[in-house]
Amino acid sequence: MPDVSDVSDVALAETEGQARIDAADSVEALRAVEAEVVGRRSRLASLQQGLAGLPPDERRSRGRQLNEARARLQASLDLRRVEMGKSERRARLESERLDLTEVLPRPGPGHLHLVTQTQAELEDVFVGMGFTVAEGPEAETDWHNFEALNIPPGHPARSMWDTFYLRLGPPGSTLLRAHTSPVQIRVMQSQPPPIFIVAPGRAYRRDTPDARHLPVFHQIEGLVVDRGVSFADLSGTIEAFTTAYFGPAIHSRLRPSYFPFTEPSAEYEINCTICRGAGCRTCSGTGWVELGGAGMVDPNVFAAVGIDDEEWSGFAFGFGIDRCAQMRHGIADMRVLLDNDIRFLSQF
Ligand code: DAH
């Protein structure tokens, strides 16, 4: 039986108890320390039992000292538990933290979309060659989009352009332009030759999106009308544009084709920029990729806008801006141009 009359026993038990509390390094360890320091088998508990044999006065004062010591130890235990709970929780949160920064928007200003940048660069190349930039409406008449381009109603070539018609005016009279060629018509209606224009902009077709087609896409149309313009001028213009935009290693070729608004007509192809002509999946092993069409303006088109084809001749071309961006930057699937994924867009 310990000697309770000795004050230092109580003080010693408290000091020891406090040291063990301070040494506990987890909530788990603290629980064991609590039992040892203030529990039923603790040193304080056995000192408490020893009080019974003391005279009443002494029992009261020693009893008070013991109670005060236990209260201080208990308060200290409670405080440690709260603190340790907090830091253990913090550590757990830290270790379980997910890094979500990838989906946060990048701070700072944005920039022009790749397609817009490409359009501006193409305009620059043609302006450098002496062309001016023209525009036309995206909601267009059937006449400008088809008839004036030598594609009358019911003409089989209409199936080349799977068109969105608008509920506006008489049925079939207005549509979302299926190519930028109607801008040729509007320019020739509004100004006399000589004409040297390019017309970039959106075009619409009822296509299912895939790696190389988008239902909303961009084209750039070119039109030259002057005296004595020849197919050689067309071919030279296309080649000059190709090397200016894609670099000196990439060349163009024209292959016989058919468009109702040109005669003769050609398909405009460039060396595949992915394999540099060796043959790969993007070019189906041919080494060449089609960018668009071209040809000498058909006399029926001149007739539709009242230009005398005895005096004037011209060439025209039209190709995909999105396709140019795809070829220049090696973009496998064009659909990323519409996704607005910041991880893609921020690369350009
Ligand atoms: N408009 C044609 C298309 O979208 C491309 C084209 C071919 C434009 C020949 C022209 C041209 O100006 O002469 O398929």
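Computed from a prediction, not measured in an experiment: that's the story for all the values here. (Residues numbered from 1 in each chain as written. Predicted model: local features only at pLDDT ≥ 70, side-chain atom pairs only at ≥ 80, totals over all residues. Heavy atoms only, no water.)

**Q** When you look at the state of the cysteines in this model, what are you seeing that I'm missing?
**A** Two cysteines form a disulfide when their sulfur atoms are joined by a covalent bond. The final tally for this structure, using the stated rule, is zero disulfides. Counting only cysteine sulfurs, Cys-275 is the nearest neighbor of Cys-272, a cysteine outside any disulfide, at a range of 3.7 Å. Considering cysteine sulfurs only, Cys-280 is the nearest to Cys-275, which forms no disulfide, with 3.7 Å between them. Given the relative accessible area of 16%, Cys-275 is considered buried. (Disulfide = S-S within 2.5 Å. Buried < 20%, exposed > 50% of the residue type's maximum accessible area, 1.4 Å probe, protein only.)

**Q** When you look at the site of the ligand in this model, what are you seeing that I'm missing?
**A** Around the ligand sit 16 residues in total, of which His-179, Ser-181, Arg-205, Gln-219 and Glu-221 are the nearest. Within the side chain of Gln-219, one N or O atom sits 2.9 Å away from an oxygen atom of the ligand. A total of 350 Å² of accessible area belongs to the ligand in isolation, and the protein chains cover 93% of it. Taken together, the residues of the shell around the ligand sort by class into six nonpolar, eight polar and two charged. (Near = heavy atom within 4 Å. Polar contact = N/O pair within 3.5 Å; in protein donor to acceptor, adjacent residues only side chain to side chain. Areas by Shrake-Rupley, 256 points an atom, 1.4 Å probe, with all protein chains shown as cover. Nonpolar A, V, L, I, M, F, W, Y, C, P; charged D, E, K, R; others polar.)

**Q** In this structure, what is going on with the nonpolar core? I would like to understand it.
**A** As a rule of thumb, soluble globular proteins bury nonpolar side chains together. Phe-126, Phe-241, Phe-246, Phe-317 and Phe-319 are the most contacted members of the largest nonpolar core, which has 41 residues in total. Ignoring sequence-local partners within four residues, the contact set of Phe-246 consists of Ile-270, Thr-273, Leu-291, Cys-324, Met-327 and Arg-328. (Core = buried A, V, L, I, M, F, W, Y, C linked by side-chain atoms within 4.5 Å. Contact = heavy atoms within 4.5 Å.)

**Q** Is there a simple way to think about the side chain of Thr-262 in this case?
**A** You can see Thr-262 is positioned in strand 7 (residues 262–271). Exposure remark for Thr-262: the relative accessible area of 3% places this residue in the buried category. Side-chain polar atoms of Thr-262 contact the side chain of Ser-265, separated by 2.7 Å. Contacts of Thr-262, omitting those with residues within four sequence positions, involve Ala-294, Gly-295, Met-296, Val-297 and Asp-298. (Helix = DSSP H or I, 4+ residues; strand = E, 2+ residues; numbered from the N terminus.)

**Q** Got a minute to help me understand helix 2 (residues 27–38) in this structure?
**A** Since the α-helix turns once every 3.6 residues, residues separated by three or four places project in the same direction. Taking 1.5 Å per residue, twelve residues should reach 16 Å; helix 2 reaches 16 Å between its end C-alpha atoms and fits that length. Taken together, the buried positions of helix 2 are Val-27, Leu-30, Val-33, Glu-34, Val-37 and Val-38. The arc enclosing the buried residues of helix 2, seen along the axis, measures out at 110°, which places them on a common side. (Expected span 1.5 Å × (residues − 1). Arc of directions from axis to C-beta.)

**Q** How should I be thinking about the layout of surface pockets in this particular structure?
**A** Gaps left between atoms show up when a probe the size of a water molecule is rolled over them. Reported here for the largest pocket is a volume of approximately 720 Å³. If you list the elements that add at least two residues to the lining of the largest pocket, you get strand 5 (216–226), strand 8 (288–297), strand 9 (313–320) and helix 10 (321–329). Residues that form the lining of the largest pocket fall into these classes: twelve nonpolar, twelve polar and eight charged. (1 Å grid on protein atoms, 1.4 Å probe; cavity = no way out; pocket = protein on both sides within 12 Å on 5 of 7 lines; lining within 4 Å. Points joined across faces, edges and corners; volume = space filled by probe spheres on them.)

**Q** Just to check I follow, could you spell out the domain arrangement of the protein chain for this structure?
**A** The extent of an interface is frequently quoted as the accessible surface area lost upon association of the parts. Here the domain parsing of the protein chain yields domain 1 (7–97) and domain 2 (114–345). For domain 1 and domain 2, the distance between their C-alpha centroids amounts to 86 Å. (Domains from an automatic or database assignment.)

**Q** Help me understand the packing of helix 3 (residues 43–50) against helix 4 (residues 56–96), please; the structure alone is not making it clear to me.
**A** The angle between the axes and the distance between the axes are what describe a pair of packed helices. Packing of helix 3 against helix 4 brings their axes to within 11 Å, and their N-to-C directions diverge by 165°. Viewed along their axes, helix 3 and helix 4 adopt a mutual orientation that is roughly antiparallel. Of the two possible hands of crossing, helix 3 and helix 4 adopt the one that is left-handed. Judged by residue contacts, Leu-44, Leu-47 and Gln-48 of helix 3 engage Leu-66, Asn-67, Arg-70 and Leu-73 from helix 4. In terms of residue class, the contact of helix 3 with helix 4 is built from four nonpolar, two polar and one charged. (Axes fitted to C-alpha atoms, helices over the stretch in contact; angles between N-to-C directions. Parallel < 35°, antiparallel > 145°, perpendicular 65-115°, else oblique. Left-handed = near helix turned anticlockwise from the far one by under 90°.)

**Q** What exactly am I supposed to notice about the environment of Pro-55 here?
**A** The topology assignment puts Pro-55 in the loop between helix 3 and helix 4. Remark: the alpha-carbon pair of Pro-55 and Gly-330, spanning 275 residues in sequence, is separated by 98 Å.

**Q** Sorry, what's going on with the pattern of salt bridges here?
**A** For side chains bearing opposite charge, pairing can occur when the charged atoms are close. Tallying each qualifying case throughout the model produces 18 salt bridges. The closest approach of N and O atoms between Glu-96 and Arg-92, which form a salt bridge, is 4.0 Å. Taken together, the residues Glu-96 and Arg-92, both in helix 4 and four residues apart, mark about one turn of the helix. Notably, a salt bridge pairs Glu-269 with Arg-253, separated by 2.8 Å at the nearest N-O pair. Within this pair, whereas Glu-269 is found in strand 7, its partner Arg-253 is found in strand 6 (residues 252–257), the two being separated by 16 residues in sequence. (Salt bridge = Lys/Arg side-chain N within 4 Å of Asp/Glu carboxyl O.)

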